[in-house]
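# A look at the structure
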Amino acid sequence: MAIACLSLIVLPMASVRAQASGPIYIVKEGDTLWGIAQVFGTDAETLASNNGLTPNSTIFPGMSLVIPGFEGVEGELQTLDVAFGDTLDSLGLRYGVETAALARINRVVNPSRLYLGQPVIIPVTAETPRALPSSLAVQSAAGEGIVQVAVRTGLNPWLVRAFTSPSEALWTIPQELILLAGTARKTNALPATLDAIEVSPAPAVQGHTLEVRASIPGPVWLEGQLGDRALNFHSVDDTHLVALQGIHALLEPGLYDLELRGYTGQGGELVWSFRQPVRVVSGGYPFDPVLSVPPETIDPDYTGPEDQLIASIINQVTGERLWSEAFAFPGTYTDSFASRFGSRRNYNGTGYDYYHSGLDFYGGTGTPILAPAPGRVVLAELLKVRGNTTIIDHGWGIFTAYLHQSELQVTVGDRVETGQIIGLVGGTGRVTGPHLHWEVWVGGVPVDPIEWAEGAFP
Ligand SMILES: [Zn+2]
C-alpha cells in the first residue's frame, strides 16, 4: 500500500519538471553526459546539475534529460539526417517549428548551406508532424512574385512555392486566381514529379562511388553536376533514375555542391533545379615509401599523350548497362593484394602528388586475367607506361582496365562475358615486376575496385 502511494506521487513530479524547464532528450545506448552535452552545445556540468545529477552520475537508456539552453522550445529532441531537398524552412514546416528556432537549436550559421547527411536536431511533440492544409486559394496582384504574395497573405514563402511547384510562371500573370491544390503537398524542396532523391554514401568518400537515385512517379528526366563533374542519369526501371559518379581519390575533403535539374522528359523542358552541398571525407589512404623510377616515366611529355588517350575513352558514356551483378575479381589470390587502391605515391622524392589508381594482384607472368563482368572491349594495345593494356566498357560510364599484360587475348569490339580469359599477367610498361594492375573507372574517375567486387551497383 505504501509503495503504491509513493509511485503515484513521484511520477507526476518527474514529468512536471521535464515540461517546465525545456526540451528533453531520451538517453540512447552508449550515450554519455559529456557526449550529449557536446551535441546540444552545453557542458556536462550544466547538463548534470540541470537534471539533479553530477557529471559522474550513471545514465541509462530510456532516461529523460532536460536539455538546458533552449527556453521556449518543447518536446523531445531527436536527430535526423538532412536528405536532398531538405532546407531549414522545409524541416520547420514538416515539424511545426519556427525556422529561426531550428537555426538556433542547431547553431546553423548559414541556413541555405545544410549539407546532405548533416545531423539536425528537431524538437518533436505529440502534434508533430504538423498537418498541412489540403488546398489554398490565393489571388496575385500585378507584378507580384512568390515572396510578395507570401508576405501579403502571411504564408511561408517556401509553402507558397511548394504548393505552386514546379512552375513559377503562374505568378507572372496578374490578377490570376491560383488554386494551390494538395497535389504538391511535400515538405521538402523537391517538385511533385520527384518522390525522393537518395544519395549514398553520405558523406561521400575519396576514391569511392557515389550513387544518386531518384524515385519518379511521373515523366521526368534529370541532369546534374557534382563539383565540376557532370552526372549521367540512366533509367533503372519505370520509376527510378540512377547516376553513378566516382569521387577522385585526391579531391580535397570539404563541401561540394550537388546540383540537380529536372526536365519534363529526356530532352524536355527545364522545370526545376535544386542545389545542396555534399560533404566529401578522406578515404584514409596510407602513404607509400618514396619510389625510384626512371625520371622520363613521370615526365608529363612522356605520360601526357597516353593519359589523353585513356581519358578520351573512359569519359564516354554508353547508355546500355551490360553488367547486373557485383564484379568478379579478374586475378587470382583474392584474399590479399600486392597493392591496394588509393595509397599516396611519391616518385623520386618529388612529393606525394600521385596515388595508386588500381588494385594489384599477386600471380606472375602467364597467369590468366578474367573479365569481371559483361562488357565490350574498347582498347587492347601496347602502351609505353601501362604496357599491354585492355579497357572494357560495361556501359553507363563504367570502365575497367588491365595493365602490364604479357599477352592480349581480345581485340577492340569483342563482347566479353564474366570469367572469360582476356589476357595474361606480365611486366610490360612502367613496372618493378610482373603483376596485374586492375582499375575501375566511374564517370571518368578511378575508384577502389574492391567496392565493385563486394556489392552490386546500382
Ligand atoms: Zn598497380
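We now turn to the structure provided with this report. (Residues numbered from 1 in each chain as written. Predicted model: local features only at pLDDT ≥ 70, side-chain atom pairs only at ≥ 80, totals over all residues. Heavy atoms only, no water.)

## Re the overall build of the protein chain
The test is simple: The secondary structure listing takes helices from DSSP runs of H or I that are at least 4 residues long and strands from runs of E that are at least 2 residues long, numbered from the N terminus. Relative accessible area decides the class of each residue, using a 1.4 Å probe on protein chains only: under 20% of the type maximum gives buried, over 50% gives exposed, and in between gives partly exposed. A contact between two residues is defined here by any heavy atoms of the two lying within 4.5 Å. Calculation of accessible area relied on Shrake-Rupley with a 1.4 Å probe; when residues are assessed, cover is drawn exclusively from the protein chains displayed.
Across its full length, the protein chain carries nine helices and 27 strands. Buried residues in the protein chain amount to 46% of all 458 residues. Relative to all contacts within the protein chain whose residues are 6 or more apart in sequence, the contacts with residues 24 or more apart total 66%. When the accessible area of the protein chain is evaluated, it comes to approximately 21,800 Å², of which 55% is carbon and sulfur surface.

## Focus on helix α8 (residues 300-314)
In plain terms, the rule: A helix's residues, less one, multiplied by 1.5 Å, set its expected span. Think of a polar contact as two N or O atoms within 3.5 Å of one another; within protein, one of them needs to be a possible hydrogen donor and the other a possible acceptor, and neighboring residues in sequence only count if both atoms come from side chains.
The end-to-end C-alpha distance of α8, which contains 15 residues, comes to 19 Å, matching closely the 21 Å that a straight helix rising 1.5 Å per residue would cover. Where α8 begins, the side chain of Asp 299 points an oxygen toward the backbone nitrogen of Asp 301, at a separation of 2.9 Å.

## Thoughts on the coordination of the zinc ion
Which entries qualify depends on this criterion: Note that water is not among the atoms considered, so a metal site may appear incomplete; the donors listed are N, O and S atoms within 2.8 Å of the metal, with 3.2 Å applied to Na, K and Ca. Angle rules define the geometry names used: all angles between 85 and 135 degrees makes four donors tetrahedral, while opposite donors over 155 degrees apart and all other angles between 65 and 115 make four donors square planar and six octahedral, leaving every other case irregular.
Those protein atoms acting as donors to the zinc ion are His 356 (NE2), Asp 360 (OD), Asp 360 (OD) and His 437 (ND1), and they sit at 2.0 to 2.6 Å. If you look at the zinc ion, its four donor atoms make angles of 56 to 157° with each other, and the shape they trace is irregular. All donors of the zinc ion belong to a single chain; written as a sequence motif, their spacing is H-x3-D-x76-H. With a gap of 81 residues between them, His 356 in the loop between β17 (354-355) and β18 (359-361) and His 437 in strand β26 (residues 436-442) connect regions that are remote in the sequence. Note on accessibility: His 356 and His 437 belong to one class, buried.

## Some thoughts on the environment of Pro 203
Mapped onto the fold, Pro 203 is located in the loop between β7 (196-200) and β8 (204-205). Of the residues examined, Pro 203 reaches a relative accessible area of 25% and is grouped as partly exposed. For Pro 203 and Val 281, which are 78 residues apart along the polypeptide, the C-alpha to C-alpha distance reads 6.5 Å. Ignoring anything within four residues of it in the chain, the contact list for Pro 203 reads Arg 279 and Val 281.

## Considering empty space enclosed by the protein
The condition is simple: Within this scheme a cavity is a closed region of a 1 Å grid, computed over the protein atoms alone, that accommodates a 1.4 Å probe without allowing it to escape, whereas a pocket is open but has protein on both sides within 12 Å along at least five of seven lines; lining residues each have an atom within 4 Å of a point. Grid points are joined across faces, edges and corners, and a volume is the space filled by probe spheres set on the points. When residues are sorted by character, Ala, Val, Leu, Ile, Met, Phe, Trp, Tyr, Cys and Pro go into the nonpolar class, Asp, Glu, Lys and Arg into the charged class, and all the rest, Gly among them, into the polar class. Segmentation of the chain into domains, including their bounds, is taken from an automatic or database domain assignment.
By the definition in use, this model includes one cavity of 30 Å³ or more. For the largest cavity, the calculated volume is near 30 Å³. Taken together, Asn 232, Leu 244, Gln 245, Val 317, Trp 396, Gly 397 and Gly 443 make up the lining of the largest cavity. Across the lining of the largest cavity, the residue classes break down as three nonpolar, four polar and no charged. Lining the lining of the largest cavity are residues from two domains, each supplying at least three of them: domain 3 (196-281) and domain 4 (295-454).

Fair warning: the whole summary comes from geometry, so function is off the table for now.
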